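# Notes for the structure review
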Amino acid sequence: MIELREMPFDPWQYLAERQVSQGVEARSGAAAIFVGTMRDFNEGDSVQEMYLEHYPGMTEHQLETLAASALKEWSLDDVLIVHRIGRIIPTQPIVLVAVWSAHRAEAFDACRHLMESLKHSAPFWKRETLVDNSVRWVASNTPG
Amino acid sequence: MLVKVLFFASLRERLGVGQVMLDTHEAISVQEVWQRSSGENVLPVNVLIAVNHTYSDAAALVQPGDEVAFFPPVTGG
């Protein structure tokens, strides 16, 4: 499942509610979770807030494509990707990637692969506001 | 028939426009879409291209009614 959110969210609450609403899958022996959170610094500067632009239509399509491709490549029970858009402040979660599988190896591999693919191909762009109120676009991802 | 052209993020700000409608009655290359919509001859090497929400390249052919997007490297997650 894919979701873009304009409002802040608590990934742990989100996962707990999902677990309750869907019931615990008896066959899913492993869940791998990645949560990406906004830092208050980037490239040596203090950042006070960020705006996350996306491409309506394509961003959802690309995330669906990544999820479908992971379900095909690994033996997974389920895939969840939640991503923020709009205004974000430090300490707020930006992205949640979760995968459920029978065993840990596939869960770890799929979760990492999904996150790296998202960073390289999902159409999102970060515009930072520094503490002196200057604004700049983030030019590229950090290596890892 | 029209081709809808979109620019995002820092590229939109540099060009000063977010959307351009191009009129064409035949298929044209992405390269030609870029020239006609941006007013620039050279498509920068780091600019990414999507046709109808799927990644594509400068040589791809665009049909009337298609949506083409140009944008800088992505920085989500």
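Residues numbered from 1 in each chain as written. Chains lettered and ligands numbered in written order. Predicted model: local features only at pLDDT ≥ 70, side-chain atom pairs only at ≥ 80, totals over all residues.

The name given to chain B in an unreviewed UniProt entry is Molybdopterin synthase sulfur carrier subunit, with the source organism recorded as Thiothrix lacustris. According to the UniProt record, the Sequence similarities (unreviewed entry) comment for chain B is "Belongs to the MoaD family." (UniProt positions renumbered as here; feature names shortened; annotations may be inferred.)

In the annotation of an unreviewed UniProt entry, the entry for chain A reads Molybdopterin synthase catalytic subunit, and the organism field reads Thiothrix lacustris. According to the UniProt record, the Subunit (unreviewed entry) comment for chain A is "Heterotetramer of 2 MoaD subunits and 2 MoaE subunits. Also stable as homodimer. The enzyme changes between these two forms during catalysis." According to its UniProt record, chain A has this under Catalytic activity (unreviewed entry): "2 [molybdopterin-synthase sulfur-carrier protein]-C-terminal-Gly-aminoethanethioate + cyclic pyranopterin phosphate + H2O = molybdopterin + 2 [molybdopterin-synthase sulfur-carrier protein]-C-terminal Gly-Gly + 2 H(+)".

When helices and strands are tallied, chain A shows three helices and nine strands. Scanning chain A from its N terminus toward the C terminus, one meets helices and strands in the order β-α-β-β-β-α-β-β-β-α-β-β. For 144 residues, the compact-globule estimate of 2.2 N^0.38 gives 15 Å, and the C-alpha radius of gyration of chain A, at 16 Å, lies within 12% of that figure. With the C-alpha coordinates aligned to their principal axes, the bounding extent of chain A is approximately 50 × 30 × 25 Å. Going through the 144 residues of chain A one by one, you find that 29% of them count as buried. When contacts within chain A are restricted to residue pairs at least 6 apart in sequence, long-range pairs at least 24 apart make up 76% of them. (Helix = DSSP H or I, 4+ residues; strand = E, 2+ residues; numbered from the N terminus. Rg over C-alpha atoms; globule rule 2.2 N^0.38 Å. Buried ≥ 20, exposed ≤ 12 C-beta atoms within 10 Å, placed from the backbone. Contact = placed C-beta atoms within 7 Å.)

Let us look at the overall build of chain B. On a plain count of helices and strands, chain B comes out with two helices and seven strands. Across chain B, helices and strands are ordered from the amino to the carboxyl terminus as β-α-β-β-α-β-β-β-β. Its C-alpha atoms give chain B a radius of gyration of 12 Å, within 12% of the compact-globule value 11 Å for 77 residues. Once the C-alpha set of chain B is aligned to its principal axes, its extents read approximately 35 × 25 × 20 Å. Here chain B, with 77 residues, has 31% of them falling under the buried criterion. Across chain B, the fraction of contacts at a sequence separation of at least 24, relative to all contacts at a separation of at least 6, is 54%.

Attention shifts here to the confidence of the model for chain B. Here chain B shows a mean pLDDT of 97. Residues at 70 or above account for 100%. The ipTM value of the predicted complex is 0.96, and its pTM value is 0.94. (pLDDT = per-residue confidence, 0-100.)

The subject of this paragraph is the nonpolar core. Residues Ile81(A), Val99(A), Leu114(A), Phe8(B) and Ala69(B) are the most contacted members of the largest nonpolar core, which totals 47 residues. Element by element, the count of residues in this core is highest for strand 7 (residues 93-101) of chain A, at seven residues. Ignoring any residue separated from it by four or fewer positions in sequence, one finds Phe8(B) in contact with Glu53(A), Tyr55(A), Trp125(A), Ala69(B) and Phe71(B). (Core = buried A, V, L, I, M, F, W, Y, C linked by C-beta atoms within 7 Å.)

Moving on to the pairing of strand 2 (residues 19-23) of chain B. Residues and elements named next belong to chain B. Where burial is concerned, little of strand 2 is hidden: zero out of the five residues are buried. Where strand 1 (residues 2-7) lies against strand 2, five bridges are found, and the strand directions are antiparallel. Within strand 2, the position partnered with Lys4 by the bridge is Met21. (Pairing = 2+ DSSP bridges.)

Attention now moves to the sheet that holds strand 2 of chain B. All names here are of chain B. Strand order in the open sheet formed by five strands is 2-1-7-4-5, with mixed pairing between adjacent strands. Where the open sheet ends on each side, the last strands, each with one partner, are strand 2 and strand 5 (54-55). By the bridge criterion, four bridges tie strand 1 to strand 7 (residues 67-71) in an arrangement that is parallel. Opposite Phe7, over in strand 7, you have Phe70 as the bridge partner. Docked against the sheet, helix 2 (residues 30-38) engages strand 1, strand 2, strand 4 (48-51) and strand 7, running at close to 115 degrees with respect to strand 2. (Axes fitted to C-alpha atoms, helices over the stretch in contact; angles between N-to-C directions.)

Another aspect to go through is helix 3 (residues 104-121) of chain A. Note on helix geometry: an α-helix contains 3.6 residues per turn, so any two residues three or four positions apart are oriented the same way. All names here are of chain A. Taking 1.5 Å per residue as the helical rise, helix 3 with its 18 residues ought to reach 26 Å, and the 25 Å between its terminal C-alpha atoms agrees with that figure. Listing the buried residues of helix 3 in full gives Glu106, Ala107, Ala110, Cys111, Leu114 and Leu118. Along the long axis of helix 3, the arc covered by the buried residues comes to 125 degrees, so they all point the same way. Opposite the packed face of helix 3, turned more than 90 degrees from it, sit the exposed residues Arg104 and Ala105. Where helix 3 is buried, its residues touch strand 2 (30-37), helix 2 (58-73), strand 5 (76-84) and strand 7. (Expected span 1.5 Å × (residues − 1). Arc of directions from axis to C-beta.)

Within the secondary structure layout, Asp45(A) lies in strand 4 (residues 45-54). On the basis of neighbour counts, which here come to 13 C-beta atoms within 10 Å, the residue Asp45(A) falls in the partly exposed class.

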